[in-house]
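Each chain, letter by letter, is given below.
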Amino acid sequence: MVLRRMKRALRQAAVFTLFLFITFQGQAQQENNFKVGGAVRFNIFAKSWVDGKTQPEFTWDTWRLNVDGSQGGIDFSFEYRFYPTFGTHFIHHGWLGYGLTDDLYMKLGVVQVPFGITKYASHSWWFQGQYYFGLEDDYDTGIKFDYKGIDKLDLSFAYFRQAEPEGPTAGGEVTYGNAGPGRYSYDITPGFGGIDNDQVDAHIRELNQFNLRAAYHFTEKLEFGASAQVGGIYNSVLDESETSTAFALHLVADWGKGWNFKGSFINYNYKAKSDDGRLLDIVQMGAYGTPYDVAAKANAYAVGIAKSFDVDLGPVKNIQAYVDYTYMDKTNDDYADVHHLIPGILISAGPVYTYIDYAMGKNQPWLTANFGEGMGVGDADADWQKRFNINIGYYF
């Protein structure tokens, strides 16, 4: 009798052990997973400032590799991009993530800076104008915390030691200290600056930046937020830093059937010194392998409105029409302001996303015969420059 009971208990224990093994194995398989993806994008465009038979042009915009996953409760996300047209390649982001509590999540590595409207303040392929002076979809190297423990309020706070790691430029150069222009998002680059319309030496870079962002959701469709950024711009010749600041207010609203509005105000002061100790009126910022001049202080106003339409046209399931506009008011009265206006549509067809934009700008550094000009001194008599652009991307 006793032997029979022991056998029965052993069988029950074996079944229970097998059940636990299958259960935990299933959970492990569910938690420990990785996905490899990416994208390939092409551009077709025609520029108003180019005459001749070369227009329109066809270029390979980018291809990228993504890896996302989780193992042992630690998340991982990585993206690397290649831009053949610019002769450069670089990391977009790469971080380790961990939930410290149910309400507090940490990211460590190259992460998006919590500032303004995230993930994008724009609807178009061109971003809003603040992307071009480093305050939209910016990525830096550090640690970030997202807190959701207060009803309707999202809080993010972060510390960034420096900008994201750089890749090579078209000439193959890499600047020691990860401060060169071979990168995805615009950051301060060493080399030169400007004072009273004169170019001066300025070996500067970003160091020790702090960010705080708060976004309150009045409803599921209405968000209001405020952001602050304080950091150092370090001059390696002087061996000292100046305190740089940026502040933003933003509003995001959805209403009706498919309507969306994004609006923001930004004030920034990239306070930095030249190698001889004078305050700069102009700093250089760089991305995609090329630096250009940017006014050290400005206010920027950005608005964008979009309307989405569900359709059934073969693989095409949604079309979004939008208009994005940014006005950059440089606080130096001798410098010309920037206008950035992008009307367009986004066509979504399964894994293929096509942006059709008619980009227009005054003193916009990508919409000019002389690439990179406009964000610094600018031209008060500048004409509107235009570029009709079709970007076709396959995402997998």
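Since this is a predicted model, take the numbers as computed values, not measurements. (Residues numbered from 1 in each chain as written. Predicted model: local features only at pLDDT ≥ 70, side-chain atom pairs only at ≥ 80, totals over all residues. Heavy atoms only, no water.)

### Observations regarding a negative patch on the surface
Here's step 1: On the surface, Asp293, Glu373, Asp379, Asp381 and Asp383 cluster together to form a negatively charged patch.
Here's step 2: What makes Asp381 exposed here is its relative accessible area of 66%. (Patch = residues over 30% accessible without salt bridge, like charges linked within 9 Å, V, L, I, M, F, W, Y side chains within 5 Å. Areas by Shrake-Rupley, 256 points an atom, 1.4 Å probe, with all protein chains shown as cover. Salt bridge = Lys/Arg side-chain N within 4 Å of Asp/Glu carboxyl O. Lys, Arg positive; Asp, Glu negative; His and termini not counted. Charge placed at Lys NZ, Arg CZ, Asp CG, Glu CD. Buried < 20%, exposed > 50% of the residue type's maximum accessible area, 1.4 Å probe, protein only.)

### Digging into the side chain of His92
Here's step 1: Within the fold, His92 resides in strand β4 (residues 88-99).
Here's step 2: The class of His92 is buried, set by a relative accessible area of 1%.
Here's step 3: At 2.8 Å, the side chain of His92 and the side chain of His93 are in polar contact.
Here's step 4: For His92, the contacting residues outside a window of four places in its chain are Glu79, Tyr80, Arg81, Val110, Lys119, Asp137, Tyr139 and Tyr184. (Helix = DSSP H or I, 4+ residues; strand = E, 2+ residues; numbered from the N terminus. Polar contact = N/O pair within 3.5 Å; in protein donor to acceptor, adjacent residues only side chain to side chain. Contact = heavy atoms within 4.5 Å.)

### With respect to empty space enclosed by the protein
Here's step 1: For the structure on display, the rule yields three cavities of 30 Å³ or more.
Here's step 2: One number sums up the size of the largest cavity: a volume of about 110 Å³.
Here's step 3: If you go around the largest cavity, you meet 17 residues; those closest to its centre are Glu206, Gln209, Gln229, Ser244 and Tyr270.
Here's step 4: Looking at the lining of the largest cavity, the elements with two or more residues in it are β8 (187-188), β11 (204-219) and β12 (222-235).
Here's step 5: In terms of residues, the lining of the largest cavity owes the most to one element, β12, which gives five residues.
Here's step 6: Its residues assigned to classes, the lining of the largest cavity comprises seven nonpolar, six polar and four charged. (1 Å grid on protein atoms, 1.4 Å probe; cavity = no way out; pocket = protein on both sides within 12 Å on 5 of 7 lines; lining within 4 Å. Points joined across faces, edges and corners; volume = space filled by probe spheres on them. Nonpolar A, V, L, I, M, F, W, Y, C, P; charged D, E, K, R; others polar.)

### Topic: the side chain of Ser122
Here's step 1: With respect to the helices and strands, the residue Ser122 is situated in the loop between β5 (104-112) and β6 (139-150).
Here's step 2: Taking the relative accessible area as the measure of exposure, Ser122 reaches 7% and is therefore buried.
Here's step 3: Only 2.8 Å separates the side chain of Ser122 from the side chain of Glu136, close enough to count as a polar contact.
Here's step 4: With residues up to four places along the chain from it excluded, the contact list for Ser122 reads Phe127, Gln128, Glu136, Lys262 and Asp324.

### A few points about the layout of surface pockets
Here's step 1: One number sums up the size of the largest pocket: a volume of about 970 Å³.
Here's step 2: If you trace the largest pocket, you find 40 residues lining it, with Arg41, Asp61, Trp125, Trp126 and Phe127 closest to the centre.
Here's step 3: Of all the elements in the fold, those that place two or more residues in the lining of the largest pocket are β1 (33-47), β2 (57-71), β3 (74-83), β4, β20 (352-362) and β21 (385-395).
Here's step 4: Counting residues per element, the lining of the largest pocket draws most heavily on β2, which supplies five residues.
Here's step 5: Residue composition of the lining of the largest pocket, by class: 20 nonpolar, eleven polar and nine charged.

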